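Structure at a glance
Residues per chain, in single letters:
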Amino acid sequence: MRTLAPSMTRSMQRVAEAVAGDPAGCAALTVTGLAELTGTSEATVVRTARLLGYPGYRDLRLALAGLAAQQQSGRAPSVTADIAVDDPVADVVAKLAYDEQQTLADTAAGLDTVQLGAAVAALATARRIDIYGVGASGLVAQDLGQKLLRIGLIAHAHSDPHLAVTNAVQLRSGDVAIAITHSGSTGDVIEPLRVAFDHGATTVAITGRPDGPVAQYADHVLTTSTARESELRPAAMSSRTSQLLVVDCLFTCVTQRTYETAAPALAASYEALAHRHSPRTR
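Now for a look at the structure at hand. Just so it is clear, the structure is predicted and the values come from calculations on it, not from any experiment.

Moving on to the sheet that holds strand 1 (residues 129-132). Pairing in this open sheet of five strands is parallel, and the strands run 2-1-3-4-5 from one edge to the other. Across the chains shown, the open sheet's two edge strands, defined by having one partner strand only, are strand 2 (155-158) and strand 5 (220-223). On average, each strand axis in the sheet is tilted by 15° relative to the strand beside it, whichever way the strands run. On the sheet, helix 8 (residues 136-150) packs against strand 1, strand 2 and strand 3 (176-181) and is oriented at approximately 160° with respect to strand 1.

Right, here's the structure in full:
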């Protein structure tokens, strides 16, 4: 709910708040009953269930019933969807590893390779590349920026929103701007992308919400997994993992396309840094 709330209408937020506040009570309601309780419509209830990741309201009711049963049984509360506060370390490792694997598989399955190919083509010939991201997405932006620099492209990651807009103003046709936002509604990322779009740059959005506000300023949208983040790890693990996969796909495909210049650039960067990875002798 915390992750998806910005992309919900106010009526959908009322449904989500009711569900989160009283899972047992809502599990006992029909779609009509929940619509009446929240002052919304049946269609709004169904749309909310789907936005939360369920095929329909029936599936949401089953999940709520399971959550209510867990709460009534007195079992240890969950830290994430399937990790309890008293789980042993080995179980935490195994469950997180499985979750990360599922996130990667979901992202790979949903990634539009036509959109990816178009973004790669733009990056390979770009005069300049700006990358925008804040918080956890800012770390992913930095990762992409340093990768592209090592193959000889002029790329800069911006996490400061003022600096991002200042740089976006300088972009033009032949440049590329990339926005990374899991929610698709991060204003500090959308604003510089809009400026870059208005100035004629090719724009790319890496987001878990392809229908979010960021998409209206993106020529190409690369969709990541919409795995729901828990309170313990908000927008940190699953979303970051899926973003890094997309970043690696971009980098690898650009390297393929620019191999004649990328390979020497990579070799030069390795050579320049080699002494920093060797034991110092006295």
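Right, let's get into the nonpolar core. Within the largest apolar cluster, 28 residues are counted, with the highest numbers of intra-cluster contacts made by Ile129, Leu148, Ile178 and Leu250. Excluding residues that lie within four positions of it along the chain, Ile178 makes contacts with Leu123, Ile129, Asp130, Ile131, Tyr132, Leu144, Leu193, Val204 and Ile206. Counting 19 residues, the second largest nonpolar core, distinct from the first, contains Ala168, Ala177, Val214 and Tyr217.

Right, let's talk about the environment of Met12 for a bit. Mapped onto the elements of the fold, Met12 is located in helix 1 (residues 10-21). Separated by 31 residues in sequence, Met12 and Ala43 place their C-alpha atoms 9.9 Å apart. Every residue in contact with Met12, bar those within four places of it in the chain, is listed here: Thr44, Arg47, Thr48 and Leu51.

The rules behind these values
Residues numbered from 1 in each chain as written. Predicted model: local features only at pLDDT ≥ 70, side-chain atom pairs only at ≥ 80, totals over all residues. Heavy atoms only, no water. Pairing = 2+ DSSP bridges. Helix = DSSP H or I, 4+ residues; strand = E, 2+ residues; numbered from the N terminus. Axes fitted to C-alpha atoms, helices over the stretch in contact; angles between N-to-C directions. Contact = heavy atoms within 4.5 Å. Core = buried A, V, L, I, M, F, W, Y, C linked by side-chain atoms within 4.5 Å. Buried < 20%, exposed > 50% of the residue type's maximum accessible area, 1.4 Å probe, protein only.

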